[in-house]
Amino acid sequence: MKGFSLALLTALSSFAFGQTVIMGDAGYDEANPADCSTFGVAGVNFFDDGAAGNYSPNFNDTTVFCPDLTLGTKMTITFAINAGYTFNVDATDWIYVYDGPSTASPLLGQHNSISDPTGFAYTASWNNPSGCLTVVFISDGMNEGSGWAANVQCGNQNQPFDPHIEAFVNGQGANALNPIDTGFVDVCFGDSILFVAKPIFPYSQETTGYGYSQTVNNVAFDWNISDGGTYPNNDSIWFTPPSRNGFLVDLKITDQFPQIERLLCKVRVSQLPSFAGTGPLEDTVCLGQNTSLVGGATLTDTVGVDIPAGQFQLGGSFAGLTYLPDGSGQQYQAPIDISGFPSGATIANAQDLNQVCITMEHSYLGDLEILLECPNGTQVPLMDTYPGGIIPGGTSGGGTYLGHPFDDPGGGGAGIGWEYCFSSVFNTIGGSISGNLGNTVAVPFIAANPPTQMTDLSAGNSIDPAVVYEPEASFTGFAGCPINGQWTIIVQDNLGTDDGWIFEWGLFFDPSFFPGSTSYQNTIASEEWLSDPTIISGQNDTLLVVQPNTPGNYNYTYQITDDFGCNYDTVVTLYVLPQPTIFNDTLACNYAFYVENTVSYQGGVWSSADTAITFSDVNLENPLVTTSTPGTYTLSYTDNACNTTVTSDIEFPPYVFVALPDTTVCIGTTIDLLAFENGAGTDFVWDTGETGLTITISEPGTYSITGSNICHSWTATSTLDNKLCDIDVPNIISLSSQIGNNTWFVQQEGISEFNCVITNRWGNVVYESNDPAGQWDGNTQNGTLVEEGTYFYIINAVLDNGEPLVKQGFVQVVH
């Protein structure tokens, strides 16, 4: 697998053909600068003073090399021991190189053949606006070496610049990147971000008057965002995050040298909180009951809302441009910092580090060694094409190239870098580069064509970059290395006269073992339950107590604002159960009632305090209620959910009963016919149309009455007959009779009033009675038995029809 190249800067340079300088000559000071178009373009041009032998003893002199800034901005000096170069300076003698036009300039280093047996090289720094190098050689009188044949040249180097980036949420407000350039832009989902590149070019032709042009109009802007989108080559772009994730924003700015600078910043999109734990402890409560709503944040607790971690997908890290000057056995390093993996994560096997990719060019493979060093100092060799350097063994790569270089003595510009990748597991060719030196492609000579190509590109054969090579040793050597920390590419160029450039490089860790992700966590900045009249306490706590006062659904809104300023809310519903509903007070006939329309949440139980009431099933919502005894009864229904009891009365009216007697009265008699009833009737109607329990009648016939109530009725019938009314009086009694005539009484019919008086022959009253049914037993009123003889009676009576009746006569009494 080959990853994308990680950006670094490149260098521009132009060369010249020029003159020879002997140590001690005036050289080229600022007043008389070197013509960079001719000076030092090839071979050696700087020598010690001993032209035919050793340099002079007790030598102490200075030579200054300054560039004509209109043709080249920096001087480069190279000492080496191969390809026509010589370097032999005794251990007691020293070459001093200063970064500037005089010995008052900063000292870059002091060297001889003991300190640097294969030579050394310097290029004037960017802290040195003159571009000059000052060389001082001091020898003593003890021993002299054969001196040196070196190269000094000048040209336009890559001009460092400061990349900057700003971000504006929805195109407004202040720069949202925090910290600036490499920090975070925190947004809500749906926000758009305007990214603006604002590089500063302190060494551009526009700023210094020398070098090459660098403006926002002639540099390339390569935007790479981990959403996988394509973005234009502009100094500003709009980005709308497509999902709630973290996104890497990689800005690569490339000038015409090509000098590369890269910035990496991050976008964090607010995470959608989960309100799964927010809401009432009970989603259904009884009327009058209070409950708690869960949800809130205090200084010590957050309840009811959970914000998941946001995730970044990391694709690699970036290293800066590293110039690899000609050899001398010096090491050149390009470090990068890896972060964002889980704390303590380490390499366990060769696959955990999928591959390492380096974009570079070099003009002589036979002097090159490259190692990768992990944060704990462990090193694994990537390439060893020089026998006898820092890596044991090695196979000379000879004059084979890496990339398409500018093959000059050193200090010139950069060629074209090619990406070379190394993997112990995902290699596509067996063996390392040193084992595949014949796997090359031809590259042609291409003359410089400013400004798009500032240097000549040399013809030759270059290692093919189209395959993934094995490192010289397996990446299992990194087992135990921490992932987070500084990783470093170390390059040692062992011979002079051939330089190169590392443009960029990156590490790619295996996603199956290291997810390559880091997380971020939103927090709640503020929160509240929106006001509601049913809230009775806990407004500032994580538990809110509510008590609705009517049945139905109650909605409560809980809202939060996170640390990104994004607002979220949820609506939770509390259902308040109504009381159960049963029938209203009612009346039922026939001692039975089918209950209807009972409403309850989870059923209930019927009951009655009166044992005369029977339910078909007390657990049915609508049972059959019966009784055998009329009356009004109270029924209760208690629901199962809230244990709430409601009551209603049922009246069971009694059955109605009415009775009428048959009657016989004297002809012409008027009577009140009275009906008898059991007290259950409420209405009584005669067949005559009259109402009430009594009617007055005189005519014989059949009469009926109907008694009724709301449920029942009963009809009774009576017959009225007439009779002849009179009094029949006996005229003899035998007091000793055994056959029934031993008392005197009258036979009567239809008598309403009656008075009977019996006297003896002397007129004395021996018997008197007002009872027509009364009987005289032959005794006086004081109880004395009367004598045999004749006695006289007078009867005064009134018939039932009101007619008076008088009868008188005698009665014969015998003993």
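Residues numbered from 1 in each chain as written. Predicted model: local features only at pLDDT ≥ 70, side-chain atom pairs only at ≥ 80, totals over all residues. Heavy atoms only, no water.

**Student:** Even after reading the chapter, I still don't get unusual backbone geometry, so can you show me in this structure?
**Tutor:** Note: most residues except glycine have negative phi, and most peptide bonds are trans. The omega angle of the peptide bond from N178 to P179 is -5°, so this bond is cis rather than trans. One can find P179 in the loop between β12 (165-169) and β13 (184-187). The backbone phi angle of N58 is positive, close to 50°, even though this residue is not glycine. If you trace the backbone, N58 turns up in the loop between β3 (46-47) and β4 (60-65). Look at N597: it is not a glycine, yet its phi comes out positive at around 65°. With respect to the element layout, N597 can be found in the loop between β43 (592-594) and β44 (604-608). (Helix = DSSP H or I, 4+ residues; strand = E, 2+ residues; numbered from the N terminus.)

**Student:** For this particular structure, what's the right way to read the pairing of strand β27 (residues 353-362)?
**Tutor:** On a regular strand, one side chain projects to one face of the sheet and the next to the other, so that they alternate. Among the 10 residues that make up β27, 10 are buried, leaving the element largely enclosed by the rest of the structure. In the sheet, β27 pairs with strand β35 (residues 500-509) via 9 bridges, with the strands oriented antiparallel. Of the residues in β35, the one forming a bridge with M360 is I502. Where β27 and strand β30 (residues 418-422) come together, 5 bridges link them in antiparallel fashion. Counted as the bridge partner of I358 is Y420 from β30. (Buried < 20%, exposed > 50% of the residue type's maximum accessible area, 1.4 Å probe, protein only. Pairing = 2+ DSSP bridges.)

**Student:** Teacher, can you tell me more about the environment of N782 here?
**Tutor:** Secondary-structure assignment places N782 in the loop between β61 (765-769) and β62 (789-799). With 188 residues separating them in the primary sequence, N782 and Y594 have C-alpha atoms 75 Å apart. One polar contact links N782 to T784, side chain to side chain, over a distance of 3.2 Å. (Polar contact = N/O pair within 3.5 Å; in protein donor to acceptor, adjacent residues only side chain to side chain.)

**Student:** Please explain the state of the cysteines as it appears in this structure.
**Tutor:** Here is the idea: a disulfide is a covalent bond, and it sits between the sulfur atoms of two cysteines. Using the criterion set out here, one finds 8 disulfides in the structure. Between the sulfur atoms of C286 and its disulfide mate C642 the distance is 1.7 Å. Linking C286 and C642, the disulfide has an S-S dihedral of approximately -95° and is accordingly described as left-handed. Residue C286 is located in strand β20 (residues 284-286), and its partner C642 is located in the loop between β47 (631-639) and β48 (645-652); the two are separated by 356 residues in the primary sequence. For C286, a relative accessible area of 13% corresponds to the buried category. Residue classification places C642 among the buried residues on the basis of a relative accessible area of 18%. Here C265 is not disulfide-linked; the sulfur of C566 is the nearest cysteine sulfur, at 18 Å. (Disulfide = S-S within 2.5 Å.)

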